[in-house]
Amino acid sequence: MTLYNRKDLGIPEPSDCSSEDDDITHLTDLYQPEHQLPESVRVINKLLNSLVDRAWEVISKQDIIRKDTEGMRKVPVLNPAKEMKLPSRTNSVACSDDGAYLFLGHAHGLSVISTSTLTRVRAWQGERVELTSISCASLENCTHLLCTVDDMGIARLFVHHKENIYLIKVLNETDDLNQRNICTKFEVSRSGDFGAAVMTSSGSVWLDVYRFPRDLWLKELETKQATQTSGSAEAKLSPTVFLVKIKPPEIPAGTSLKSPSEVLQKTEGGTIIGSGQNHMISNSQWENQDAAFRKMFSKYLSSSPMTPSQQRSEGPRNCTFHFLLREGFYPLPGGAKPTRDIPIALCLWWSGSHNFLHYILKTSKEKNDGEPRPDVLWPNSQEIFCSAASACTRFLVLGLVNQLVTIWDRRFGCPYATIVIPGDSAICRLKFILQRTERQQINRPLHQGPFSPKLHLGVTCRNGSCYSVTAGRGGDTLIVSFTERPADQGSFATVAEPVSFLKCLALLMQRNGNMSVWDMKDAAPVFILTLPQTHVLGPVWDPVYVLDPVQQNLYIRGDSKTHLKKVTDKEEDATSLFIFSFSQCSVIDRCRITWPAATEKETRVPLSGLEEACNLYIQERLDTLEERNRNLAIQWEQLQKRAVK
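Criteria and cut-off values
Residues numbered from 1 in each chain as written. Predicted model: local features only at pLDDT ≥ 70, side-chain atom pairs only at ≥ 80, totals over all residues. Heavy atoms only, no water. Pairing = 2+ DSSP bridges. Helix = DSSP H or I, 4+ residues; strand = E, 2+ residues; numbered from the N terminus. Axes fitted to C-alpha atoms, helices over the stretch in contact; angles between N-to-C directions. Contact = heavy atoms within 4.5 Å. pLDDT = per-residue confidence, 0-100. Salt bridge = Lys/Arg side-chain N within 4 Å of Asp/Glu carboxyl O. Buried < 20%, exposed > 50% of the residue type's maximum accessible area, 1.4 Å probe, protein only. Polar contact = N/O pair within 3.5 Å; in protein donor to acceptor, adjacent residues only side chain to side chain.

1. Observations regarding the sheet that holds strand S21 (residues 395-400)
Here is step 1: A sheet is described by the order of its strands in space; here four strands give the open sequence S20-S21-S22-S23, paired in antiparallel fashion. The sheet is open, and its two edges are formed by strand S20 (384-389) and strand S23 (414-420), each paired on a single side. Here the average twist between neighbouring strands, direction ignored, is 20°.
Here is step 2: Both strand S22 (residues 404-409) and S23 contribute to a ladder of six bridges, which runs antiparallel. Counterpart to tryptophan 408 in the pairing with S23 is proline 415.

2. Describing the environment of leucine 118
Here is step 1: Turning to its location among the elements, leucine 118 is positioned in the loop between strand S5 (109-114) and strand S6 (119-125).
Here is step 2: C-alpha separation for the pair leucine 118 and glutamate 83, spaced 35 residues apart in sequence, amounts to 8.6 Å.
Here is step 3: In contact with leucine 118, other than residues within four places in its own chain, are Lys82, Met84, Ile113 and Ile579.

3. Section: the confidence of the model for the chain
Here is step 1: Per-residue confidence for the chain gives a mean pLDDT of 79, with 73% of residues at or over 70.
Here is step 2: Here residues 307-313 scores under 50 on pLDDT; set against residues more than four positions off or in separate chains, the count is nine contacts.
Here is step 3: Confidence drops under a pLDDT of 50 for residues 595-604, and excluding neighbours within four residues, the segment shows 19 contacts in the predicted structure.

4. A look at the pattern of salt bridges
Here is step 1: All told, the structure shown has seven salt bridges when counted by the stated rule.
Here is step 2: Note that arginine 214 and glutamate 140 form a salt bridge whose closest N and O atoms lie 3.5 Å from each other. With arginine 214 in helix H2 (residues 214-227) and glutamate 140 in the loop between strand S7 (131-138) and strand S8 (143-150), the pair connects residues that are 74 residues apart, well separated along the chain.
Here is step 3: Across the pair arginine 214 and aspartate 215 runs a salt bridge whose closest N-O atoms are separated by 3.5 Å.
Here is step 4: Residue aspartate 215 is classed as partly exposed on the basis of its relative accessible area, which comes to 41%.
Here is step 5: What you see here is one network of salt bridges that share partners, running through Glu140, Arg214 and Asp215.

5. Considerations on the side chain of serine 111
Here is step 1: Within the element layout of this structure, serine 111 appears in strand S5.
Here is step 2: Of note is the side chain of serine 111, whose polar atom sits 2.7 Å from the side chain of histidine 106.
Here is step 3: In this structure serine 111 touches Pro87, Leu102, Phe103, Leu104, His106, Arg120, Arg122 and Ala123, once residues within four positions along its chain are discounted.

6. Describing the environment of serine 351
Here is step 1: Looking at where serine 351 falls in the secondary structure, it is placed in the loop between strand S17 (345-350) and strand S18 (355-360).
Here is step 2: In this structure serine 351 comes out as partly exposed when scored by relative accessible area, which is 28%.
Here is step 3: In the structure, serine 351 is positioned 35 residues away from proline 316 in sequence and 5.2 Å away in space, judged by C-alpha atoms.
Here is step 4: Serine 351 has contacts with Pro316, Arg317 and Asn318, leaving out every residue within four places of it along the chain.
Here is step 5: There is a polar contact of 3.0 Å between the side chain of serine 351 and the backbone nitrogen of arginine 317.

7. Considerations on the pairing of strand S26 (residues 466-471)
Here is step 1: Within S26, six of the six residues are buried, which leaves the element mostly enclosed by the surrounding structure.
Here is step 2: Residues Cys466, Ser468 and Thr470 point to one face of S26 and Tyr467, Val469 and Ala471 to the other, with burial holding for every one of them.
Here is step 3: Relative to S26, strand S25 (residues 455-461) is paired through six bridges, and the arrangement is antiparallel. Paired with threonine 460 across the strands is cysteine 466, a residue of S26.
Here is step 4: As paired strands, S26 and strand S27 (residues 477-483) are joined by six bridges and run antiparallel to one another.

Given below as structure tokens:
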């Protein structure tokens, strides 16, 4: 029998029927199960099956490519509107609240860029100073506070005033390098009244909190501007006020307390319960519990490279904090009247901890007896991985172990909603999404928002999947996955940040350098961002970018491809700053928010008393009566369908 076979299609080996019994049928016809097929028919059958399988694989791949190509053609493409050259190794970029200036941290120091002309207006240079992070707060009269950290862990405080840069203070400057504290994070509050720095030294970590005399600095800068020529120099301004040094809670040790009454007296009024510091457990009980634990899990502990003393002494390695504004009925310190949104508290959590701690910020340095203790403690059932705060700081969201998300309401001091994210990957980033449904709300004071609003979150997991979560009080939750877990490492999402000036849109960046803006509700790309063919996104694992909500621009760093192929020590980085103007993209006109978050922040009016709060609550209940009745009818209908007869 003559067979015309392709070269890449191998002929299968013939079946060996000599060793088989006559009553055993190793391959039969499905339509004639009792008759054995001949050898030639079986060979042809195997060839055809192999050919069909290979053809189907080729057709499937071509269909996927065709769909991707058609999808790329349908999605609009946004090209950069402008480009400017960047200094060598630009590691960080920040934008002022008014969108007038960009602040660049690079290998030679700090530069101030005018966004209108894209030219450098002022620079501060230091010998062997490479800034890696910048935190900015806008004050008044074109004045900005800048908190920076360099690659050696040195924290510096700058002030930019009318195109001049002044160095105010170096927090951890010392002549002995062996005794210098390393700063890992230095951030300023949005109002510029407070700052906090995470310090590490010899394996220990703590948080230093400062108060900045911003009003006094503004007066001194005006005087200095009138008497001195322009230039960059150290400013002899009023010193910063060191408020408190917050250390991680100590591991509970044995106590001599023997009665519950003594324990309650030790809690200083019983306001902070749950930290584990005050208990009735003796040293012998701790030792017995530790011995029983090690005996039960000895085979797991023996494989650990750390000794038992190291396992017990290992503490947290990082601290995450947020500045909190006045919320609810909390009075200001000293009975002062709020002239602007000044933080009154600081919340934080330590890595590996379950507790969310709150500390009241004092207006001046006060002598405290012993270590500072938290004023409020919120316990959680699982370890905290990440956190975020809303613009008004009323809501705080925590990402816990086992894909658990908990939203806390500061107004009532209790959890607002609890959400379980699908999948098996840990949560690594959380972001609040600004959304408005009624434009007329902008014309009246917000009074710190409604009592039970709908909250919108952007959740990113470690496996690259991203979710849009809509949560409300009472378990009313909607979870939408707008990016699944990528099949290859190149499609892994490194940035998934909601765009504050576009409703329910998120900026997505991937390891392969692709950038796009996605609709978080429809889980579909809205438009694609493309760099020139001569440049790539850099660095792809940690892009350097900033979003400007005032001018609706995206500033992002791009590296030249020719520079990536060959780099010498003397050659300058061939990097550029590309500006994508979202205001020129007509596709997103329906998603624009013409009233930015800054307007909401300015119209916040604190509640004056309980009577006003009750009136607002009753009014809100009346406004939502129709919607609540409609939801109640739907719930009753669902209960009737699921009722057990």
